[in-house]
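# Residue-level structure breakdown
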2 protein chains.
Amino acid sequence: MAIVVQKYGGTSVGDVDRIKRVADRVARTHRGGNQVVVVVSAMGKTTDDLVSMASRISETPPERELDILLTSGERISMSLLAMALADRGVAAKSFTGSQAGIITDAVHGKARIIDMTPGRVQDALDQGHVVIVAGFSGVSQSTKDITTLGRGGSDTTAVALASALGAEVCEIYTDVDGVFTADPRIVPNARKLDHVSYEEMLELAAQGAKVLMVRSVEFGRNHDVRIHVRSSFSYTTGTMVGPQEDNVEDAIISGVAHDTSEAKLTVQGVPDRPGVAARLFSTLAEATINIDMIVQNIAADGRTDISFTLPRGETDKARAVLEPLTDEIGAGGILVDSDIAKVSLVGAGMKTHPGVAAKMFGALSAAGVNIEMISTSTIRVSVVVAKDQVETAVQAVHAAFGLGDDEVLAEGAR
Amino acid sequence: MAIVVQKYGGTSVGDVDRIKRVADRVARTHRGGNQVVVVVSAMGKTTDDLVSMASRISETPPERELDILLTSGERISMSLLAMALADRGVAAKSFTGSQAGIITDAVHGKARIIDMTPGRVQDALDQGHVVIVAGFSGVSQSTKDITTLGRGGSDTTAVALASALGAEVCEIYTDVDGVFTADPRIVPNARKLDHVSYEEMLELAAQGAKVLMVRSVEFGRNHDVRIHVRSSFSYTTGTMVGPQEDNVEDAIISGVAHDTSEAKLTVQGVPDRPGVAARLFSTLAEATINIDMIVQNIAADGRTDISFTLPRGETDKARAVLEPLTDEIGAGGILVDSDIAKVSLVGAGMKTHPGVAAKMFGALSAAGVNIEMISTSTIRVSVVVAKDQVETAVQAVHAAFGLGDDEVLAEGAR
């Protein structure tokens, strides 16, 4: 019998009626002859509500306690779903991350899975139960404390369980039909992708596509788990995330992602000496500030500007740790620009197709969009633009590469 | 350093501001040089809200899942309290019942503690932490599933921890100043007791005094844990529950309890043969229906009526299991009376003072209250009366024994 892992996000289990609908779908998969493991997030805005309560108690709540607090949300949704299944005549058992054997390091708030021991899950499956597992949570191997995997961690829970149990597929249910060539709210003719490779999905996720979290895709790639991203509101096929060789479409470009959550920080007049940049970024790393794009200009008069992007919420913290350092190394000063957006073009095919970046820059120029920073990987080109130009930029790039529903055949024929 | 266990109920941690106030009190006890273990219930109406969600999902939710659901309430309050303490500069760690080593049997919804292994609690205390433990919850020794100890189970958690840790005292914080000679809402001059013996407290709790749950008192008596019942809204001394020999007051009567939550069920015309009553009550026991008072009249014409009281919510279930049996044994029929109340007079001194029951019946008669059933123990006399006469009955008995604030000296002088 095949094992199917299904993950339902907070919107899908947002209230009692939606939990009943999820139960109908799970029951259908179970009756179709599958062993089903369901991973659930907390209901709707529960996690936000809990965070807000914590912030009313303390400005800096201890992370160990925050993890205990937040995991109560999944506890509610998982037990309610088990009840709804029982009510439909389907025996179900729910387990916390700890009970399901999701063993992590001790980094509260963004723990990493270091082992999977889902013996109780397998036993319950063998007894004919549907198994429900709390997403997002685990238990620290060293301290035995409850940990969380960070926002979106339920995706990782699902993929990790699918891997550990040898599941046929990991279905990630969401409120959209799959992965699109661009955000359909910005590009109305954006096309749903039938298949996307792990590498492309990684780049799309890292560059702002919110449908899957980066770490879950990494886990899927490293453990060869097929991920089916699909809607919990319909039965249509979504997007299959898998190895490159499955990609029969062979398109050059898979999509355009955008991200408006970052800010740009520039350290001006940095002395152009070996080791200075290293000190800058090791200082930021010690403060656990996640840096994204980095650009360093050519030095003039022995000095250079170093710019990088980072989550907007971390700019104050970055400024605080960098200011003593800039004084010490004799840099000019720190500039922060919060009104930026990142637009990224992703596609495995661009590896073998030169000129993709040039075509993208040309399209942006023609649309009157100024490029502030550029960063590339083998399958991605990202640019930073002014925040108020993000929609124009996404639409221009999407159209230039003919990614839309009407245009894709023409593009394929070129 | 003395270990103090403090338990705060749902009202005491009812909202964020109240949690902060509890944190102030805990911090004060900690700074006073004590090792403090705090047991918390779920915030305010959380448990009721969760039960109501469950009932919207299923009429008969599986008890294993209901226990998982309900324990999320304590998880929220315990982590928030830990945050509030950290915010006050007091290091605190919260633990679930399972983490705190509260080992139970596998009877979901009303599990019994069968072992205590609070190693993690002791370690955290030794490291200088205040320890917060989720009340009401444990973990099954056999299935490793999460269990709950039943409503009011947080009191039991607190007393059990106090015993296992060798605490100096177990303080139960509530919204009243202690244990009273009667419910002050019914008897305005009811007097707070400074001390009450375990046995008397057991009888008072069993007979409807809601300030402490029976099982926690039993646990305290069996393991010799001093229980201090006091208000979380003031710093005045409450009522100390302890061994009989401590009782310096030496009052004949400690108080009048009443209970309006029961109904009376009568099986009429039961054949007066050996074994018939045993079958009746073993059938009820198998259906896990808790029976309280039982009265059997003298048989006439080979038949008798058997009456008993039970929680009002269980009368339908009791009728359902008894109806086939009454047919089989040829009994006459089943009568249910939901409009009853139980009034109990409790006092260790009545063992050696004959005439207490007679004086109580006389007072009720003088007040025009008819007695429907009578049940006694060595330190208690209980009567069942019509529900609409409960206040009259409590007031009459309280006054007859001079238990009020103005009358107690007079009584003592008699």
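In this text, all values refer to a predicted model and were calculated from it rather than measured experimentally.

A separate point is the overall build of chain A. For chain A, the count of helices and strands is 12 helices and 20 strands. Based on the C-alpha atoms only, the size of chain A along its principal axes is roughly 75 × 55 × 35 Å. The buried share of chain A, reckoned over its 414 residues, is 49%. For chain A, the proportion of contacts with a sequence separation of at least 24, taken over those separated by at least 6, is 74%.

Mapping chain B onto chain A calls for a rotation angle of 180 degrees and an axial translation of 0.0 Å; the resulting RMSD is 0.1 Å. Both chain copies can therefore be described as sitting about a two-fold axis. For chain B, the minimum C-alpha distance to the rotation axis belongs to S72 of chain B and amounts to 2.5 Å. Most of the interface of chain B is mirrored in chain A: 100% of its interface residues are interface residues there too.

Bringing the interface of chain B and chain A into the picture now. Between chain B and chain A, the residue contacts involve 25 residues of the former and 25 residues of the latter. Of all elements in the fold, only α1 (16-31), α2 (46-57) and α3 (63-87) of chain B reach the threshold of two or more residues within the side of chain B that touches chain A. Of the residues forming the side of chain B that touches chain A, the biggest block, 13 residues, is contributed by α3 of chain B. Considering only residue class, the side of chain B that touches chain A consists of 16 nonpolar, 4 polar and 5 charged.

Attention now goes to the sheet that holds strand β14 (residues 262-271) of chain B. All names here are of chain B. Here we have 4 strands laid out as an open sheet, ordered β15-β16-β14-β17, and antiparallel in their pairing. Every interior strand has two partners, whereas the edge strands, β15 (294-296) and β17 (333-337), have only one. Strand-to-strand twist in this sheet, taken as the mean axis angle between neighbours without regard to direction, amounts to 15 degrees. Pairing of β15 with strand β16 (residues 303-311), which is carried by 3 bridges, proceeds in the antiparallel orientation. Counted as the bridge partner of V295 is S307 from β16. Seen against the sheet, helix α8 (residues 276-286) touches β14, β15 and β16 and runs at an angle of roughly 145 degrees to β14.

Moving on: the nonpolar core. As a rule of thumb, soluble globular proteins bury nonpolar side chains together. Core analysis: the largest hydrophobic core is formed by 220 residues, its most contacted members being V37, L81 and V397 of chain A together with V37, L81 and V397 of chain B. Excluding residues within four positions of it along the chain, V37 of chain A makes contact with I3, V5, V121, V131, V133, L161 and L165 of chain A.

The next thing to look at is the sheet that holds strand β4 (residues 102-104) of chain A. Residues and elements named next belong to chain A. Spatial ordering of the open sheet is given by β5-β4-β7-β8, a layout of 4 strands whose pairing is mixed. Of all the strands in the sheet, just β5 (113-116) and β8 (146-148) have a single pairing partner and so form its edges. Adjacent strand axes in the sheet meet at a mean angle of 45 degrees when their direction is disregarded. Pairing of strand β7 (residues 137-140) with β8, which is carried by 3 bridges, proceeds in the antiparallel orientation. Note that in β8 the partner of V139 across the bridge is I146. Where helix α3 (residues 63-87) meets the sheet, its contacts fall on β7 and β8, and the angle it forms with β8 comes to roughly 75 degrees.

Residues and elements named next belong to chain A. Of all 5 residues that make up strand β6 (residues 130-134), 5 are buried, and the element is covered over most of its length. By the alternation rule, side chains of β6 split into V130, I132 and A134 and V131 and V133, which are all buried. Where strand β2 (residues 35-40) meets β6, 4 bridges bridge the pair, whose relative direction is parallel. Within β6, the position partnered with V37 by the bridge is V131. Sheet topology places strand β3 (residues 92-95) next to β6; 4 bridges connect them, and they run parallel. Each residue of the ladder has a partner; that of S94, found in β6, is I132.

On to unusual backbone geometry, then. Of note, the phi angle at K144 of chain A is positive, near 65 degrees, even though the residue is not glycine. By secondary structure assignment, the location of K144 of chain A is in the loop between β7 and β8. Here T288 of chain B, not a glycine, exhibits a phi torsion of approximately 50 degrees, which is positive. Relative to the elements of secondary structure, T288 of chain B occurs in the loop between α8 and β15.

Residue and element names in this part refer to chain B. The element strand β18 (residues 340-346) is extensively covered by neighbouring structure, given that 7 of its 7 residues are classed as buried. Every second residue of β18 is oriented toward a common face, with I340, K342, S344 and V346 on one face and A341, V343 and L345 on the other, all of them buried. Sheet topology places strand β13 (residues 255-259) next to β18; 5 bridges connect them, and they run antiparallel. Bridging from a neighbouring strand, G255 pairs with V346 of β18.

Moving on, we get to the packing of helix α10 (residues 356-366) of chain A against helix α11 (residues 390-400) of chain A. Packed helix pairs are characterised by how far apart their axes lie and by the angle those axes make with each other. All names here are of chain A. Direction vectors running N to C along α10 and α11 enclose 130 degrees, while the axes themselves pass 9 Å from each other. Viewed along their axes, α10 and α11 adopt a mutual orientation that is oblique. In the packing of α10 onto α11, the handedness of the crossing is right-handed. Residues K359, M360, A363, L364 and A366 of α10 form the contact with α11, whose own contacting residues are A393, A396, V397 and A400. Taken together, the residues that form the contact of α10 with α11 break down as 8 nonpolar, no polar and 1 charged.

Look at α3 of chain B: 37 Å from first C-alpha to last across 25 residues, which is about the 36 Å you get at 1.5 Å a residue. Within α3 of chain B, 23 of the 25 residues are buried, which leaves the element mostly enclosed by the surrounding structure.

Attention shifts here to the environment of G89 of chain B. Residues and elements named next belong to chain B. In this fold, G89 is placed in the loop between α3 and β3 (92-95). For G89, a count of 8 C-beta atoms within 10 Å puts it in the exposed group. Along the primary structure G89 and Q6 are separated by 83 residues, whereas in three dimensions their C-alpha atoms are 19 Å apart.

Residues and elements named next belong to chain A. Examined against the element boundaries, L310 turns out to sit in strand β16 (residues 303-311). Along the primary structure L310 and R18 are separated by 292 residues, whereas in three dimensions their C-alpha atoms are 36 Å apart. Apart from residues no more than four positions distant in its own chain, L310 is found in contact with E262, A263, L265, I289, N290, I291, D292, T315 and A318.

With respect to the helices, strands and loops of the structure, P61 of chain A is situated in the loop between α2 (46-57) and α3. C-alpha separation for the pair P61 of chain A and T174 of chain A, spaced 113 residues apart in sequence, amounts to 31 Å. Setting aside chain neighbours within four positions, we find P61 of chain A in contact with A54 and L66 of chain A together with M83 and A86 of chain B.

Further remarks concern the packing of helix α8 (residues 276-286) of chain A against helix α9 (residues 315-329) of chain A. Residue and element names in this part refer to chain A. Between α8 and α9, the least distance of the axes is 9 Å, while the angle of their chain directions is 155 degrees. The orientation of α8 relative to α9 falls into the category roughly antiparallel. The handedness of the crossing between α8 and α9 is right-handed. Residues V276, R279, L280, T283 and L284 of α8 form the contact with α9, whose own contacting residues are A318, V321, L322, L325 and I329.

A few words on the confidence of the model for chain A. All names here are of chain A. When pLDDT is averaged across chain A, the result is 90; 96% of the residues are at 70 or more. Contacts of residues 407-414 to residues separated by more than four positions or lying in other chains number 7 contacts, the stretch itself having pLDDT below 50. Interface predicted TM-score (ipTM) for the complex: 0.80; the corresponding pTM is 0.82.

Rules behind the numbers
- Residues numbered from 1 in each chain as written.
- Chains lettered and ligands numbered in written order.
- Predicted model: local features only at pLDDT ≥ 70, side-chain atom pairs only at ≥ 80, totals over all residues.
- Helix = DSSP H or I, 4+ residues; strand = E, 2+ residues; numbered from the N terminus.
- Buried ≥ 20, exposed ≤ 12 C-beta atoms within 10 Å, placed from the backbone.
- Contact = placed C-beta atoms within 7 Å.
- Least-squares fit on C-alpha atoms with pLDDT ≥ 70 in both.
- Nonpolar A, V, L, I, M, F, W, Y, C, P; charged D, E, K, R; others polar.
- Pairing = 2+ DSSP bridges.
- Axes fitted to C-alpha atoms, helices over the stretch in contact; angles between N-to-C directions.
- Core = buried A, V, L, I, M, F, W, Y, C linked by C-beta atoms within 7 Å.
- Parallel < 35°, antiparallel > 145°, perpendicular 65-115°, else oblique.
- Left-handed = near helix turned anticlockwise from the far one by under 90°.
- Expected span 1.5 Å × (residues − 1).
- pLDDT = per-residue confidence, 0-100.

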